[in-house]
Amino acid sequence: MVEKQTTSQRYRVLIEYDGTPYAGFQIQPNEPTVQGAIERALELMTKGVPVSIAGSGRTDSGVHATGQVIHFDYPSAMNPTAMVRALNSILPGSVRARQAEKVSSDFHARYDTKSKRYRYRVNLGQVQSPFERDFVLHHPYRTDVSRMEAALPVLLGTHDFVSFCSTKTDKTDFTRTLTTARIEHVPNSSEIQFVFEGDGFLYNMVRILVGTSLQIGDRLRPVEEFERLLRVKDRNEAGPTAPAHGLYLEQVTYLTPEERQQKTQQWLDAQANTDN
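Residues numbered from 1 in each chain as written. Predicted model: local features only at pLDDT ≥ 70, side-chain atom pairs only at ≥ 80, totals over all residues. Heavy atoms only, no water.

To continue, consider the overall build of the protein chain. Looking only at helices and strands, the protein chain features six helices and 10 strands. Along the three orthogonal principal directions, the C-alpha set of the protein chain runs to about 75 × 60 × 35 Å. For the protein chain, the residues scored as buried account for 47% of the 276 residues in total. Put simply, of all contacts in the protein chain between residues at least 6 apart along the chain, 70% involve residues at least 24 apart. Accessible surface, the protein chain as shown: approximately 14,700 Å² in total, 49% of it carbon and sulfur. Side chains of the protein chain carry 32 positive and 33 negative charges; the gap between the two charge centres is 3 Å. (Helix = DSSP H or I, 4+ residues; strand = E, 2+ residues; numbered from the N terminus. Buried < 20%, exposed > 50% of the residue type's maximum accessible area, 1.4 Å probe, protein only. Contact = heavy atoms within 4.5 Å. Areas by Shrake-Rupley, 256 points an atom, 1.4 Å probe, with all protein chains shown as cover. Lys, Arg positive; Asp, Glu negative; His and termini not counted. Charge placed at Lys NZ, Arg CZ, Asp CG, Glu CD.)

Here the largest pocket defines a volume of roughly 1,300 Å³. If you trace the largest pocket, you find 40 residues lining it, with Gly57, Arg58, Arg110, Lys116 and Phe201 closest to the centre. Of all the elements in the fold, those that place two or more residues in the lining of the largest pocket are strand 2 (53-55), strand 5 (113-123) and helix 4 (205-217). Among the residues making up the lining of the largest pocket, the classes are represented as 14 nonpolar, 14 polar and 12 charged. (1 Å grid on protein atoms, 1.4 Å probe; cavity = no way out; pocket = protein on both sides within 12 Å on 5 of 7 lines; lining within 4 Å. Points joined across faces, edges and corners; volume = space filled by probe spheres on them. Nonpolar A, V, L, I, M, F, W, Y, C, P; charged D, E, K, R; others polar.)

Among the eight residues of strand 9 (residues 191-198), eight are classified as buried, and the element is accordingly described as predominantly covered. Residue alternation in strand 9 divides its side chains into two sets, Glu191, Gln193, Val195 and Glu197 and Ile192, Phe194, Phe196 and Gly198, and both sets are buried. With eight bridges connecting them, strand 5 and strand 9 associate as antiparallel partners. Looking at strand 9, one finds that Arg121 is bridged to Gln193. Remark: five residues form the turn of the hairpin made by strand 8 (residues 175-185) and strand 9, two consecutive strands paired antiparallel; Asn188 in that turn has positive phi of roughly 55 degrees. (Pairing = 2+ DSSP bridges.)

Here we take up the confidence of the model for the protein chain. Summarising the model, the protein chain shows a mean pLDDT of 94, and 95% of its residues fall at 70 or more. In the model, residues 1-5 has pLDDT below 50 throughout and makes zero contacts with residues more than four positions away in sequence or in other chains. (pLDDT = per-residue confidence, 0-100.)

Membership of the largest hydrophobic core comes to 70 residues, with the highest contact counts inside it found for Phe72, Leu155, Phe164, Phe194 and Phe196. A per-element tally of this core places helix 4 first, with seven residues. Excluding residues within four positions of it along the chain, Phe194 makes contact with Tyr118, Arg119, Tyr120, Val122, Met148, Leu152, Arg182, Ile183, Val210, Ser213 and Leu214. (Core = buried A, V, L, I, M, F, W, Y, C linked by side-chain atoms within 4.5 Å.)

Tallied over the entire structure, the rule returns 17 salt bridges. Note that Arg182 is salt-bridged to Glu184, the shortest N-O span being 2.7 Å. When its relative accessible area of 37% is taken as the criterion, Arg182 is described as partly exposed. Put simply, Glu237 and Arg228 hold a salt bridge, and the shortest N to O gap is 2.8 Å. Taking relative accessible area as the criterion, Arg228 reaches 26% and is therefore assigned partly exposed. One connected set of salt bridges, linked through shared partners, spans Arg117, Arg119, Arg182, Glu184, Glu197 and Glu250. (Salt bridge = Lys/Arg side-chain N within 4 Å of Asp/Glu carboxyl O.)

Structure representation (structure tokens):
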């Protein structure tokens, strides 16, 4: 008797989460993680069939997301709306699926990314609401926001950002391109938000940029400091790593099919040149 073959369906799902109770996105032994919570929910949905997920990137312990993207291969086809409803009926309240869609089997949530946008929230007021303590950094000092706004544009473009990368990284290429580096003011509040967008980010890069920016705003560093740090290429020269709880992965943008094909061809051409 020939067994009936089941065809899996790949899904792309937009999720958001409060990172406070988790030891980061990526699964870890004996630690609560966002990936672990989602994979447990999927295993309950499939009645015991393990389903592995891949995310657009890792977020550290305490970091939040409003626009994380994952993909996974589900054992059978399901209506995307039903997929979202089923996931949210099982997931803990700190994690939510926002939308789902069927995608081709070669889509990859991590390798097909075109850009990512992060947001970092800071309250500059003297008193912070207790309801913000896990979501907004409290920085109650005489910070000159105009100094930080003047400093950030130097970061735009393609640079070696090794000065803004944790020494614990396993990366060897530190070149990244930033298309956005700005501060937004939240109306009628003492909150500001740093916004960074680029083709990729190094380990702790945004948090180090924020930590260094705040020192510039506090007049502990000159406005021209980013230019020097890009030049010296030394993590020890940059500012502190800002706390995790103010950071949000806000949006992930993906390559179009045409851009994916072009990227693949560029890689193949580069490999051919290497072999020659």
